[in-house]
Amino acid sequence: MAARVALVTGSGKRRVGNVVADTLAERGYALVVHYHRSGDAADAAVARLRGRGTEVIAVQADVTQENDVRRLVRAALERFGRIDVLVNAAAIWNARRLEDVTADDVRAHFEINTLGTFLCTQQAGLVMVGQPEGGSIITIGEWATERPYPNYPAYFVSKGAIPTLTRTMAVELGMRNPHVRVNAILPGPVMFPEGLAASEQDAIARTTLVQSAGRPEVIGRAVLFFAENEFVTGVCLPVDGGRTIYAGEH
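In this text the structure is predicted, and so the values were computed from the model without any measurement.

Caption draft 1: Just the packing of helix α1 (residues 16–26) against helix α2 (residues 39–51), in detail. As a packed pair, α1 and α2 sit with axes 11 Å apart at the nearest point and diverge in direction by 20°. The angle between α1 and α2 places the two elements in the roughly parallel class. For α1 against α2, the interelement crossing comes out right-handed. Side by side, α1 and α2 meet where Asn18, Asp22 and Ala25 of the first sit next to Ala45, Arg48 and Leu49 of the second. Residue composition of the contact of α1 with α2, grouped by class: three nonpolar, one polar and two charged.

Right, here's the structure in full:
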């Protein structure tokens, strides 16, 4: 049985969750790589991690479906016997003018970004409650819910619920087992969408106080901080180069 086990949702594709999984693997964690539709990418991630000596499995699940989430958690337990860290990185982020947003758009963002995070936190958290050592859950919010910019209304509203979800689950799970902690990371510009012009990337970088864009690895390091600091819970940490407090020009 692995000493420490991390489940990272949305870690099949080469996005932030995938980089977080790499960071945890480097720290010695065994991994459950979760994916929904990106089976080929998840298989490639598993092959890469196993090539580095990491114990890892990939599990398909739709995080908006309660039975799928239960199956995901059960697969982790059947393979590794425990879950020490959960990182909720599965998300969608679709641009659409307010005039074009439909009820289905809003539902899709809430179901994946909010409900999916809730279900995974609930199910993995209750497993951690039964472990003497507890565990650490990290949700992923969004810095710009403090200062929204145009064309992402459904996304921002769904991510705006994450801080409340985080604090609620920190209380609910911590009261059942004081060694279970729940915290949130609020990322800034750490990985640009595919196809974003270099000029736009530079403009976004200039809006940060540190005058540069971040990298997904900074989110991985924040995950390690929360996973390994036993005296921090219910915290929402911006990892955004100062964008939350600095208006910039963008």
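Moving on from the model shown.
Caption draft 2: Here's a closer look at the side chain of His109. With respect to the helices and strands, the residue His109 is situated in helix α4 (residues 103–129). With a relative accessible area of 3%, His109 lands in the buried category. Residues contacting His109, with those up to four places away along its chain left out, are Ile92, Trp93, Asn94, Thr114, Ala154, Tyr155 and Ser158.

Caption draft 3: Molecular detail of the environment of Ala95. Within the secondary structure, Ala95 sits in the loop between β4 (85–88) and α4. The spacing of Ala95 and Tyr152 is 57 residues in sequence and 5.0 Å in space, taken between C-alpha atoms.

Caption draft 4: Region of interest: the packing of aromatic side chains. By the definition in use, this model includes eight aromatic pairs. Geometrically, the ring pair formed by Tyr155 and Phe156 is tilted, given 5.4 Å between the ring centres and 55° between the ring planes. For Phe156, a relative accessible area of 7% gives the class buried. A cation over an aromatic ring shows up here: Arg4 above the ring of Tyr29, its NZ or CZ 4.4 Å from the ring centre.

Caption draft 5: Representation of the nonpolar core within the structure. Counting 29 residues, the largest nonpolar core has Val32 and Leu86 as the members making the most contacts within it. Mapped onto this core, the elements with two or more residues apiece are β1 (5–9), β2 (30–35), β3 (56–60), α3 (66–80), α4, α6 (162–176) and β6 (180–187). If one sorts the elements of this core by residue count, α3 sits on top with six residues. Counting residues in each nonpolar core, the second largest holds 28 residues, with Leu24, Tyr29, Val56 and Val223 among its members.

Caption draft 6: Quick peek at the sheet that holds strand β5 (residues 135–140). Pairing within the open sheet is parallel, and its seven strands lie in the order β3-β2-β1-β4-β5-β6-β7. The sheet is open, and its two edges are formed by β3 and β7 (236–239), each paired on a single side. Ignoring strand direction, the axes of neighbouring strands in this sheet form an average angle of 20°. Where β1 meets β2, four bridges bridge the pair, whose relative direction is parallel. When the bridges of β2 are listed, Leu7 appears paired with Val32. Running over the sheet, α3 touches β1, β2 and β3 and is turned about 160° from β3. Strands β1, β4, β5 and β6 of the sheet are contacted by α4, whose axis makes an angle of about 175° with β4.

What counts, and at which threshold
Residues numbered from 1 in each chain as written. Predicted model: local features only at pLDDT ≥ 70, side-chain atom pairs only at ≥ 80, totals over all residues. Heavy atoms only, no water. Axes fitted to C-alpha atoms, helices over the stretch in contact; angles between N-to-C directions. Helix = DSSP H or I, 4+ residues; strand = E, 2+ residues; numbered from the N terminus. Parallel < 35°, antiparallel > 145°, perpendicular 65-115°, else oblique. Left-handed = near helix turned anticlockwise from the far one by under 90°. Contact = heavy atoms within 4.5 Å. Nonpolar A, V, L, I, M, F, W, Y, C, P; charged D, E, K, R; others polar. Buried < 20%, exposed > 50% of the residue type's maximum accessible area, 1.4 Å probe, protein only. Phe/Tyr/Trp six-rings, centres within 6.5 Å; stacked < 30°, edge-to-face > 60°. Lys NZ or Arg CZ within 6 Å of the ring centre and 35° of its normal. Core = buried A, V, L, I, M, F, W, Y, C linked by side-chain atoms within 4.5 Å. Pairing = 2+ DSSP bridges.

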